[in-house]
Amino acid sequence: QVQLVESGGGLVQTGGSLRLSCAASGRTFGSWTMGWFRQAPGKEREFVAAINWRGNTDYTDSVKGRFTISRDNAKNTVFLQMNSLKPEDTAVYFCATPAYTGTTIYTGTYDYKYWGQGTQVTVSS
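Within each chain, residues carry numbers counting from 1 in the order of the written sequence. It should be noted that, the model being predicted, local features are given only for residues of pLDDT at least 70 and side-chain atom pairs only at 80 or more, the latter also being counted only at that level, while totals for whole chains, interfaces and linings use all residues. Only hydrogens and water are removed before side-chain values are computed, so all heavy atoms of the structure are retained for them.

Participant: Could you clarify how one ought to interpret the state of the cysteines in this entry?
Facilitator: By definition, a disulfide links the sulfur atoms of two cysteines through a covalent bond. The disulfide criterion used throughout: a pair of cysteine sulfur atoms within 2.5 Å. Taken as a whole and assessed by the stated rule, the structure comprises one disulfide. Disulfide pairing is shown between Cys-22 and Cys-95; the S-S distance is 1.9 Å. Of note, the bridge from Cys-22 to Cys-95 carries an S-S torsion of about 45 degrees and is right-handed in sense. In this pair, Cys-22 sits in strand S3 (residues 18–25) while Cys-95 sits in strand S9 (residues 91–98), placing the two residues 73 residues apart along the sequence. Put simply, DSSP H or I for four residues or longer makes a helix, DSSP E for two residues or longer makes a strand, and each gets a number counted from the N terminus.

Structure (structure tokens):
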């Protein structure tokens, strides 16, 4: 049973930083792409960033240059470092992993099978 547990969310002022963590269990972590998504109130869940087992990354345009995704395979953990936060970054952030291995960096929610419970990020103006 794959389990993903996010942590690190909170309330921060505009321009501040947060570091999200996602601890994974139940599979060989190092072989799988890991992704971060977010969902703001009244909006659909959207792709934020993803990293494959090789360390290749992809980001949505709105966070490029501000967010950095990384992973520590020894600790079965993926991170999302968020800098220069803006009020529009306010959302519940989820980590996720797909059902299949490979080097493809998936950006669609439909490509991910396992999801964490989410962590709230609130950026005040």
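Next comes the rest of the account.
Participant: Before we go on, may I ask you to explain the environment of Tyr-100 in this structure?
Facilitator: Residue placement: Tyr-100 occurs in the loop between S9 and strand S10 (112–115). C-alpha separation for the pair Tyr-100 and Lys-113, spaced 13 residues apart in sequence, amounts to 8.9 Å. Side-chain polar atoms of Tyr-100 contact the side chain of Asp-111, separated by 3.5 Å. The definition of a polar contact used here is a pair of N or O atoms within 3.5 Å, where within protein one atom must be able to donate a hydrogen and the other to accept one, and adjacent residues in sequence count solely through side-chain atom pairs.

Participant: It is not clear to me how the packing of aromatic side chains should be interpreted in this structure. Could you clarify?
Facilitator: Each aromatic ring pair is described using two quantities: the centre-to-centre distance and the angle formed by the ring planes. The criterion for an aromatic pair is that two Phe, Tyr or Trp rings (for Trp, the six-membered ring) have centres within 6.5 Å, with stacked assigned to planes under 30 degrees apart, edge-to-face to planes over 60 apart and tilted to the rest. This model, assessed by the stated rule, comprises seven aromatic pairs. With 5.7 Å between their ring centres and 75 degrees between their planes, Phe-37 and Phe-47 make a pair best called edge-to-face. With Phe-37 in strand S4 (residues 34–39) and Phe-47 in strand S5 (residues 46–51), the pair connects residues that are ten residues apart, well separated along the chain. Exposed residues in this analysis have more than 50% of their type's maximum accessible area, buried residues have under 20%, and partly exposed residues fall in between, with area computed by a 1.4 Å probe over protein chains only. On the basis of relative accessible area, Phe-37 is assigned to the buried category, the value being 0%. Accessibility expressed as a relative area gives 11% for Phe-47, which makes it buried. Definition used: whenever NZ (Lys) or CZ (Arg) falls within 6 Å of the ring centre and also within 35 degrees of the ring normal, the charge is taken to sit over that ring. The positively charged end of Arg-19 is found above the aromatic ring belonging to Phe-79, 3.9 Å away from the centroid. A cation over a ring is seen here: Arg-45 above Phe-94, with NZ or CZ 3.7 Å from the ring centre.

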